[in-house]
Amino acid sequence: MTCSRSLLFSLLMLLTLCATPTASAQERIPLDDTMLEGLLVRQIGPAVMGGRIADLDALASDPRVLWVGTASGGVWKSDNGGTTFTPVFDEHPQSIGALAIDQQHPDTVWVGTGEPWVRNSVSVGKGVFRTADGGKTWQPLGLEDSERIADVILHPDSSDVAYVCALGPLWSDGEARGLYKTKDAGETWQKILYVNERTGCADLAMDPQEPGILYAALWEFRRQPWSFTSGGQESGLYQSLDGGQTWREITGRDNGLPQGELGRIAVAVAPSRPNRLYAVVESEDTALYRSDDRGRTWERKDNSMNVTVRPFYFARLVVDPLDYDRVYKPGLSLGVSSDGGTSFGNRGAGVHSDHHAL
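Below is a short write-up of the structure. (Residues numbered from 1 in each chain as written. Predicted model: local features only at pLDDT ≥ 70, side-chain atom pairs only at ≥ 80, totals over all residues. Heavy atoms only, no water.)

1. Some remarks on unusual backbone geometry
A positive phi angle, close to 60 degrees, is found at Arg294, a residue other than glycine. Looking at where Arg294 falls in the secondary structure, it is placed in the loop between β20 (287-291) and β21 (299-300). Look at Arg294 and you get partly exposed, because its relative accessible area is 23%. The phi dihedral of Arg310 falls on the positive side, at around 40 degrees, and the residue is not glycine. Here Arg310 shows up in the loop between α2 (305-308) and β22 (318-319). (Helix = DSSP H or I, 4+ residues; strand = E, 2+ residues; numbered from the N terminus. Buried < 20%, exposed > 50% of the residue type's maximum accessible area, 1.4 Å probe, protein only.)

2. Focus: the state of the cysteines
If you walk through the whole model with that rule in mind, you get one disulfide. A sulfur-sulfur separation of 2.0 Å characterises the disulfide bridge that pairs Cys165 with Cys201. On the sign convention where negative is left-handed, the bridge of Cys165 and Cys201, at about -90 degrees about the S-S bond, is left-handed. One end of the pair, Cys165, is in strand β10 (residues 162-166); the other, Cys201, is in strand β13 (residues 199-206), and 36 residues separate them in sequence. (Disulfide = S-S within 2.5 Å.)

3. Description of the nonpolar core
With 25 residues, the main nonpolar core has Val118, Trp219, Leu288 and Leu317 as its most contacted residues. Counting residues per element, the ones that place at least two in this core are β14 (214-224), β18 (265-269) and β19 (277-281). Contact partners of Leu317, with chain neighbours within four places excluded, come to Ala266, Ala268, Tyr278, Ala279, Val280, Leu288, Val327, Tyr328 and Lys329. Counting 17 residues, the second largest nonpolar core, distinct from the first, contains Ala205, Tyr215, Leu257 and Val267. (Core = buried A, V, L, I, M, F, W, Y, C linked by side-chain atoms within 4.5 Å. Contact = heavy atoms within 4.5 Å.)

4. As for the environment of Asp151
Residue placement: Asp151 occurs in strand β9 (residues 149-154). Considered as a pair, Asp151 and Val111 are 40 residues apart in the sequence and their alpha carbons are 9.2 Å apart. Excluding its chain neighbours within four sequence positions, the residues that come into contact with Asp151 are Ala98, Tyr163, Val164, Cys165, Asp203 and Leu204.

5. Structural notes on a nonpolar patch on the surface
A surface patch of nonpolar side chains, amounting to about 580 Å² of accessible area, comprises Ile29, Leu31, Met35, Leu36 and Leu39. Exposure remark for Leu31: the relative accessible area of 66% places this residue in the exposed category. (Patch = residues over 30% accessible without salt bridge, like charges linked within 9 Å, V, L, I, M, F, W, Y side chains within 5 Å. Areas by Shrake-Rupley, 256 points an atom, 1.4 Å probe, with all protein chains shown as cover. Salt bridge = Lys/Arg side-chain N within 4 Å of Asp/Glu carboxyl O.)

6. Comments concerning the sheet that holds β22
One open sheet accounts for four strands, arranged β22-β23-β24-β25; its pairing is antiparallel. Edge positions in the open sheet fall to β22 and β25 (345-347), since each of these has one partner strand only. With three bridges joining them, strand β24 (residues 334-337) and β25 adopt antiparallel strand pairing. Bridge pairing in β25 places Gly335 opposite Asn346. (Pairing = 2+ DSSP bridges.)

Structural data, given as structure tokens:
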């Protein structure tokens, strides 16, 4: 009762002070720097959060060197395997879509801005950036109107050749969508795969043994304040055998992939057996599909919950570099298959259910 009376008295005093007429503008003491000298400023948040992890890459010759791109916290670098991180991108767009280390030149890293996991809280980017000094300085490379970049892949034999998978605007049409290629380290870009202003490039995979063989997933989508549309007639999976000069659509054929309107597609190549492909295809029968002949024919595999959950949001596949039967599917948890995609078990219980990179 005493505490309640004290609280009531304090509130009444506060209301009395608030109701007291203030001095006129002429009578107020002007504020200057000396009055703030003793004021200590403290950070009140966000304290431990950079948003979702959108993408990451590690240096093959020294895996302790790790680069991480976040949904709303920029790019971070670790030299000790993730024990500590340093922000290296604070002066540039903080929404990151994809990043890639030039494995031939470890201090060179390409960053595509604009998160591609397009829930309604997603932000925008401002094209492609590159550092050649380990993150100390950054050079903008264009594609400013792409808004969101889903993938950046560097040619393993030429540091001047790069592919950028531009998802594009979320809330409107945009002609800056599609798959881009540069042959001069980003000085100029050529759009090598494009369908229309509603359909962006959602994923890209390269044959590691024959880098001229590419697989690109195009996705028709649109978010509105009251709804979200994932899929349409123009969504599909495409293959190029000549480094992107020409393309053929793999979907829409009688080859084992689902028919009709498709949504988002995630695609991955098995590094140790490049004729093995995996794809999660959003459709009326969303599932993981597998090809053992470089995409000519496909077999439907697992459709468990973590494989099919929110396919517009969880669209990443990673194949073990040494075991072509082991494939990983980030989702609400980390799905793992050791039998070529026939079945999946889940890992990562007890951690936050939002896995996008591996």
